[in-house]
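# Coordinate inspection notes
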Amino acid sequence: MVQLDPFYPIVRDTDWLARLLPVGIRLVQLRIKDASYEVVEAEITKALRLCAKAGCQLVVNDYWSAAIDAGADFVHLGQEDLASADLTAIRRAGIKVGISSHSDEELETALAAAPDYVALGPIYPTLLKKMPWAPQGLERIATWKARIACPLVVIGGITPERAPDVFVAGADSVAVITDIVTHQSPQQRTETWMSLTQPLRGR
């Protein structure tokens with residue numbers, strides 16, 4: 001089974017990645033939106049180089065074909081991307097796969113693809129984007145954790161204050177975007193997250 005760091009920041013480009021890597025993050029997702037294939041592949045290649053130097057696991061969001069071409073070893077797929085992705089090609093390239101899910105039906109779809117982790121969200125209301133799904137809450141974390149045999153990543157409105165309850169409920173890793181990128185000191189906030197999750201590393 002794949003081992004995930006308990007803290008899972010998500011960044012939109014390699015500039016953000018370069019800001020957070022010095023803090024010591026060990027797992028990060030590169031989530032690029034609305035860019036050309038050439039830009040995406042170049043960003044993935046740069047991110048892989050930065051992460052390799054820092055000893056950080058990189059997960060590429062959505063762009064599985066570019067991830068294969070760039071030599072990435074982990075991708076994250078939403079449900080729409082999962083429907084159109086060539087899982088055979090992804091697995092043939094030795095790439096691990098994480099899959100988003102927001103309902104029981106989507107969980108079944110995700111599990112049918114034999115993912116290396118499943119993501120559940122939003123746990124709490126989130127300001128990042130308007131979600132068609134109601135907040136899942138802590139009870140859903142425990143329910144889903146009991147149904148899967150892979151790590152469970154949770155996302156959506158999670159802060160350092162809420163994180164302990166999320167982990168107690170069964171989450172293996174907490175994905176964070178807004179709490180970092182909107183903070184007046186993203187690096188300092190990242191340090192807070194790293195300290196908070198340190199006791200969970202190596203468990």
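Up top is the structure.
Residues numbered from 1 in each chain as written. Predicted model: local features only at pLDDT ≥ 70, side-chain atom pairs only at ≥ 80, totals over all residues. Heavy atoms only, no water.

## Remarks on the sheet that holds strand β8 (residues 173–176)
- Spatially, the eight strands close up into a barrel ordered β1-β2-β3-β4-β5-β6-β7-β8, and their pairing is parallel. On average, adjacent strands in this sheet sit at an angle of 25° to one another, irrespective of strand direction.
- Here strand β2 (residues 27–30) runs beside strand β3 (residues 57–61); their pairing, made up of four bridges, is parallel. Note that in β3 the partner of L27 across the bridge is Q57.
- Most of the contacts of helix α10 (residues 186–197) go to strand β1 (residues 7–11), to which it runs at about 155°, and overall it touches β1 and β8. (Pairing = 2+ DSSP bridges. Helix = DSSP H or I, 4+ residues; strand = E, 2+ residues; numbered from the N terminus. Axes fitted to C-alpha atoms, helices over the stretch in contact; angles between N-to-C directions. Contact = heavy atoms within 4.5 Å.)

## Overview of the pairing of strand β6 (residues 117–120)
- Going residue by residue along β6, you find Y117 and A119 tucked away on one face and V118 and L120 tucked away on the opposite face as well.
- Two strands pair when backbone bridges link them, and strand β5 (residues 96–101) and β6 are joined in this way by four bridges, in the parallel orientation. Following the sheet pairing, G98 is matched in β6 by Y117.
- Taken together, β5, helix α6 (residues 104–112) and β6 constitute a β-α-β crossover, and its handedness is right-handed.
- Across three bridges, β6 lies against strand β7 (residues 152–155) in parallel orientation. Across the sheet, L120 pairs through a bridge with V154, a residue of β7. (Buried < 20%, exposed > 50% of the residue type's maximum accessible area, 1.4 Å probe, protein only. Right-handed = clockwise from strand over helix to strand, strands pointing away.)

## Describing helix α2 (residues 37–54)
- Look at α2: 25 Å from first C-alpha to last across 18 residues, which is about the 26 Å you get at 1.5 Å a residue.
- Every buried residue of α2 is accounted for by V40, E43, I44, A47, L48 and C51. For α2, the arc enclosing every buried residue in end-on projection is 140°, short of the 170-degree limit, so these residues lie on one face. Within α2, the exposed residues directed more than 90 degrees away from the buried face are E38, R49, A52 and K53.
- For α2, the secondary structure elements touched by its buried residues are α1 (14–20), β2, β3 and α3 (64–70).
- Count one or two residues on from α2 and you reach G55, which has phi positive near 70°. (Expected span 1.5 Å × (residues − 1). Arc of directions from axis to C-beta.)

## Remarks on the packing of aromatic side chains
- Under the counting rule described, the total for this entry stands at three aromatic pairs.
- With 5.5 Å between their ring centres and 5° between their planes, F7 and W193 make a pair best called stacked. On the criterion of sequence distance, the pair formed by F7 in strand β1 and W193 in helix α10 is long-range, its members being 186 residues apart.
- On the numbers, 5.6 Å between centres and 40° between planes, the contact of F74 with Y117 is tilted. (Phe/Tyr/Trp six-rings, centres within 6.5 Å; stacked < 30°, edge-to-face > 60°.)

## Some thoughts on the nonpolar core
- Among the nonpolar cores identified, the biggest contains 55 residues, and I44, V75, I141, V154 and I158 are the most heavily contacted of them.
- Per-element tally for this core: the top contributor is α2, with five residues.
- If sequence neighbours within four positions are ignored, I158 has contacts with I123, Y124, A163, V166, V174, V176, D179 and W193. (Core = buried A, V, L, I, M, F, W, Y, C linked by side-chain atoms within 4.5 Å.)

## With respect to the pattern of salt bridges
- Under the definition given, this model contains eight salt bridges.
- Here K33 ties to D62 by a salt bridge, and the two come within 3.3 Å at their closest N and O atoms. Here D62 lies in the loop between β3 and α3 and K33 lies in the loop between β2 and α2, a separation of 29 residues in the sequence.
- Taking relative accessible area as the criterion, D62 reaches 15% and is therefore assigned buried.
- Two residues, R91 and D116, come together in a salt bridge whose shortest N-O distance is 2.8 Å. You can see R91 sitting in helix α5 (residues 87–92) and its partner D116 sitting in the loop between α6 and β6, a full 25 residues away along the chain.
- When its relative accessible area of 32% is taken as the criterion, R91 is described as partly exposed.
- When its relative accessible area of 19% is taken as the criterion, D116 is described as buried. (Salt bridge = Lys/Arg side-chain N within 4 Å of Asp/Glu carboxyl O.)

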